[in-house]
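Commentary on secondary and tertiary structure
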Amino acid sequence: MIPCLQAMVLTILFVFVFCIAVLDLTTIAWVRRKAKHQAEQLFANRPSPDTLLQAEKKDLDKLPKPLQGYLQQSNVLEHHAVQTVRMRQKGALRSGPGKSWRPLEAKCFINNQAFAGLVWYADVTQYFLATRSILHTLMDSSANWEERIWGLPIPGSPTQEKYIQQQLLLEYCGFMAWHPGSWLNLGLHWQSLPNGDLH
């Protein structure tokens, strides 16, 4: 009787772990497919390499002085303006102060053409068979912030459209360090504040 009970418990445990694994892998695949589709939309109208313009001194003259100096030091003049960017990231992420760092692998797609936007996708390994799939999308006037585990939305994710747009715009600006020419984006307008900050 006891061996039968042990076999039943092991079978139930195996089925449970199998279902969790299927949920985890299905969620990862679903969010990745969604990110790929949105990245294709983002890059649908990208210019051909032959039509890319070079950044010139006159492009910098309309910008605030601090930004002009930064771009001159970044050596963007007389080079083709960066229009589209693809990045791979690998590191660690935590969901808040005091939380533990978790392994992360991410991809980022950016279109700088008149601020077409960005698509950022990441897999964060929370625990064994518990992957947090994150998808941030900022295109035209729409913004989307999606985080899931086992196919379920994670409680606490932002839902207000205006807040999401502000956060993803800051995220977009954070990526500019990797391709400084994006500061010349025609869809962005910069203003120098009295304290030297940019608005």
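Shown above is the structure to which this text applies.
Residues numbered from 1 in each chain as written. Predicted model: local features only at pLDDT ≥ 70, side-chain atom pairs only at ≥ 80, totals over all residues. Heavy atoms only, no water.

**Considering the sheet that holds strand E3 (residues 117-127)**
We count it as follows: Between any two strands, at least two bridges found by DSSP are needed for them to pair. In this text, helices come from DSSP runs of H or I with a minimum length of four residues, and strands from runs of E with a minimum of two, each type numbered from the N-terminal end. Contacts: residue pairs with any heavy atoms within 4.5 Å of one another. Angles here are taken between N-to-C directions and fall from 0 to 180 degrees, while the axes themselves are lines fitted to C-alpha atoms, restricted in helices to the stretch in contact.
The six strands lie next to each other as E1-E2-E3-E4-E5-E6, forming an open sheet whose pairing is antiparallel. Strands at the two margins of the open sheet, each flanked by one partner only, are strand E1 (84-93) and strand E6 (152-153). In this structure, strand E2 (residues 102-111) lies alongside E3, joined through eight bridges in antiparallel fashion. Residue pairing across strands places lysine 107 opposite tyrosine 121, the latter belonging to E3. On the sheet, helix H4 (residues 161-175) packs against E1, E2, E3, strand E4 (130-139) and strand E5 (142-149) and is oriented at approximately 90 degrees with respect to E5.

**A look at the pairing of E2**
Here ten bridges tie E1 to E2, and the two strands are oriented antiparallel to one another. By the bridge assignment, glycine 91 is partnered in E2 with leucine 104.

**A look at the nonpolar core**
To be explicit about the condition: To form a nonpolar core, buried Ala, Val, Leu, Ile, Met, Phe, Trp, Tyr and Cys residues must be joined to one another through side-chain atoms within 4.5 Å. The cut-offs for exposure are 20% and 50% of the maximum accessible area for each residue type, with area from a 1.4 Å probe on protein chains only; residues under the lower value are buried, those over the upper are exposed, and the others partly exposed.
Counting residues in each nonpolar core, the largest one holds 28 residues, and the members touching the most others are Leu71, Ile110, Trp120 and Trp190. Broken down by secondary-structure element, the contributors of at least two residues to this core are helix H3 (65-73), E1, E2, E3, E4, E5 and H4. Judged by nonpolar contacts, the second largest core, of eleven residues, contains Ala39, Phe43, Val119 and Met139.

**Concerning the environment of glutamate 40**
Examined against the element boundaries, glutamate 40 turns out to sit in helix H1 (residues 2-42). Between the C-alpha atoms of glutamate 40 and valine 119, which are 79 residues apart in sequence, the distance is 9.9 Å.

**So, the packing of aromatic side chains**
Selection criterion: In this scheme Phe, Tyr and Trp rings, the latter by its six-membered ring, pair at centre separations within 6.5 Å, and the angle between planes marks the pair as stacked below 30 degrees, edge-to-face above 60, and tilted otherwise.
Taken as a whole and judged by the stated rule, the model has one aromatic pair. Geometrically, the ring pair formed by phenylalanine 43 and phenylalanine 109 is edge-to-face, given 6.2 Å between the ring centres and 75 degrees between the ring planes. With phenylalanine 43 in the loop between H1 and helix H2 (57-61) and phenylalanine 109 in strand E2, the pair connects residues that are 66 residues apart, well separated along the chain. What makes phenylalanine 109 buried here is its relative accessible area of 13%.

**Quick notes on the pattern of salt bridges**
Think of it this way: side chains of opposite charge can pair up when their charged atoms draw near. Rules: Throughout this description, the term salt bridge denotes a Lys or Arg side-chain nitrogen within 4 Å of a carboxyl oxygen of Asp or Glu.
This model, assessed by the stated rule, comprises five salt bridges. Glutamate 105 is the salt-bridge partner of lysine 90, the closest N and O atoms lying 4.0 Å from each other. Of this pair, lysine 90 sits in strand E1 while glutamate 105 sits in strand E2, placing them 15 residues apart in sequence. With a shortest N-O distance of 2.8 Å, glutamate 146 and arginine 148 are connected by a salt bridge.

**Looking at the environment of glutamine 167**
Looking at the secondary structure, you find glutamine 167 in helix H4. Look at glutamine 167 and you get partly exposed, because its relative accessible area is 27%. Remark: the alpha-carbon pair of glutamine 167 and histidine 136, spanning 31 residues in sequence, is separated by 9.9 Å.

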